[in-house]
Amino acid sequence: MRHILSLSGGKDSAALAVYLRDRVPDMEYIFHDTGKELPETYDYMARLESILGRPVTRTTPEDTFEHWLAVYGDMLPSNHRRWCTKMLKLKPFENYIGDDPCINYVGLRADEKRTGYISTKPNITAVYPFQEDGLVRADVIRILEDSGLGLPPYMEWGRSRSGCYFCFYQQKIEWVRLKRRHPDLFERAKEYEERSALVSDGFTWCSRESLKELERPERMEQIERNWEAAAARKSAKRANLPLSAVLAGAEFEEEEPEGCLICQL
């Protein structure tokens, strides 16, 4: 039986790797590298590898995102058409395991109410140690801080997720932050969108708005103002709660947007 933990460069899978480091001696660590990750993600993975004291295998797909974009007729992936997850993450993951019996350790927390895009191959059994042990977001942060790894560095500039820099699950404020932090990556994402626009009418990374429209200075400022206003309302709501509710209220933590489980953990 093989024991495999999939890493994405996100906080939950990193914390799970640290949490299980001395509990599962024969653990295999793998990183689904699409070649479209943020520079901060690669840095974080290198630091995690050092803390684990074990190599992390890259399950880089044989064919690139550009290849599959052409295969799918230049249609961008979306929440209804997640070929990126299937071809760049899930397939390489299944190929790496083959037909070997495998336990796949997944970093879903006890305070999450979502399911994910997980293999259905009969030889792969998913387990959820954080849920089994009742660990929530605060526990994940504590594990990362105690280990010296800390949170992923992209969270410092306001990105909430791991995964491809052009992930369609990003909020618009995250696109604005990508534009400000990594304008070169924003431009590449815009090029993919413009390529897709030649074969699809009005389909964009963001809902009902192209990146060309979003990057206008006045529009970026509007998105930032809207986000700041929403954050202020949330902060005010939290400030008016009794202390007991604040201490117990995981629902008032910063919202984590929905995404592909195999990408986001």
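Residues numbered from 1 in each chain as written. Predicted model: local features only at pLDDT ≥ 70, side-chain atom pairs only at ≥ 80, totals over all residues. Heavy atoms only, no water.

(A) A look at the packing of helix 7 (residues 172–181) against helix 8 (residues 183–197). Contact geometry for helix 7 and helix 8: axes closest at 5 Å, N-to-C directions at 125°. As far as their axial angle goes, helix 8 and helix 7 are oblique. In this structure, helix 7 uses Trp175, Leu178, Lys179, Arg180 and Arg181 to contact helix 8, whose residues at the interface are Pro183, Leu185, Phe186, Glu187 and Ala189. Tallied by class, the residues present in the contact of helix 7 with helix 8 amount to six nonpolar, no polar and four charged. (Axes fitted to C-alpha atoms, helices over the stretch in contact; angles between N-to-C directions. Helix = DSSP H or I, 4+ residues; strand = E, 2+ residues; numbered from the N terminus. Parallel < 35°, antiparallel > 145°, perpendicular 65-115°, else oblique. Contact = heavy atoms within 4.5 Å. Nonpolar A, V, L, I, M, F, W, Y, C, P; charged D, E, K, R; others polar.)

(B) Quick look at the environment of proline 61. Turning to its location among the elements, proline 61 is positioned in the loop between strand 3 (56–58) and helix 3 (65–71). You can call proline 61 buried: its relative accessible area is 13%. Placed 27 residues apart in sequence, proline 61 and threonine 34 show a C-alpha to C-alpha distance of 6.8 Å. Contact partners of proline 61, with chain neighbours within four places excluded, come to Asp33, Thr34, Met87, Leu88 and Pro92. (Buried < 20%, exposed > 50% of the residue type's maximum accessible area, 1.4 Å probe, protein only.)

(C) Highlighting the nonpolar core. Within the largest apolar cluster, 31 residues are counted, with the highest numbers of intra-cluster contacts made by Phe65, Tyr165, Phe166, Trp175, Leu178, Tyr192 and Trp205. Within the residue set of this core, elements represented by two or more residues are helix 3, helix 4 (83–97), helix 7, helix 8, helix 9 (211–214) and helix 10 (217–239). In this structure phenylalanine 166 touches Lys36, Phe65, Trp175, Ala189, Tyr192 and Trp205, once residues within four positions along its chain are discounted. Of all hydrophobic cores here, the second largest spans 26 residues; its members include Ala14, Val24, Leu135 and Val140. (Core = buried A, V, L, I, M, F, W, Y, C linked by side-chain atoms within 4.5 Å.)

(D) Inspection of helix 7 at higher detail. Turning to helix 7, its buried residues number three or more, namely Ile173, Glu174, Trp175, Val176, Arg177 and Leu178. Looking at the buried side of helix 7, the elements it contacts are helix 8, helix 9 and helix 10.

(E) Layout of the confidence of the model for the protein. Of the residues in the protein, 89% have a pLDDT of 70 or more, and the chain-wide mean is 88. The secondary-structure element of the protein with the lowest mean pLDDT is helix 11 (residues 243–248), recorded at 51, while helix 6 (residues 137–147) shows the highest, at 97. Residue range residues 246–255 is modelled with pLDDT below 50. Its contacts to residues more than four positions away, or to other chains, number eleven contacts. (pLDDT = per-residue confidence, 0-100.)

(F) Fine view of the environment of leucine 88. Along the chain, leucine 88 turns up in helix 4. Placed 28 residues apart in sequence, leucine 88 and threonine 60 show a C-alpha to C-alpha distance of 7.6 Å. Contact partners of leucine 88, with chain neighbours within four places excluded, come to Thr34, Pro61, Asp63, Thr64, Phe65, Trp68 and Trp83.

(G) Region of interest: unusual backbone geometry. Despite not being glycine, aspartate 74 shows a phi value in the positive range, around 65°. The class for aspartate 74 is buried, based on a relative accessible area of 17%. Although it is not a glycine, arginine 208 sits at a positive phi angle of roughly 60°. You can see arginine 208 is positioned in the loop between helix 8 and helix 9.

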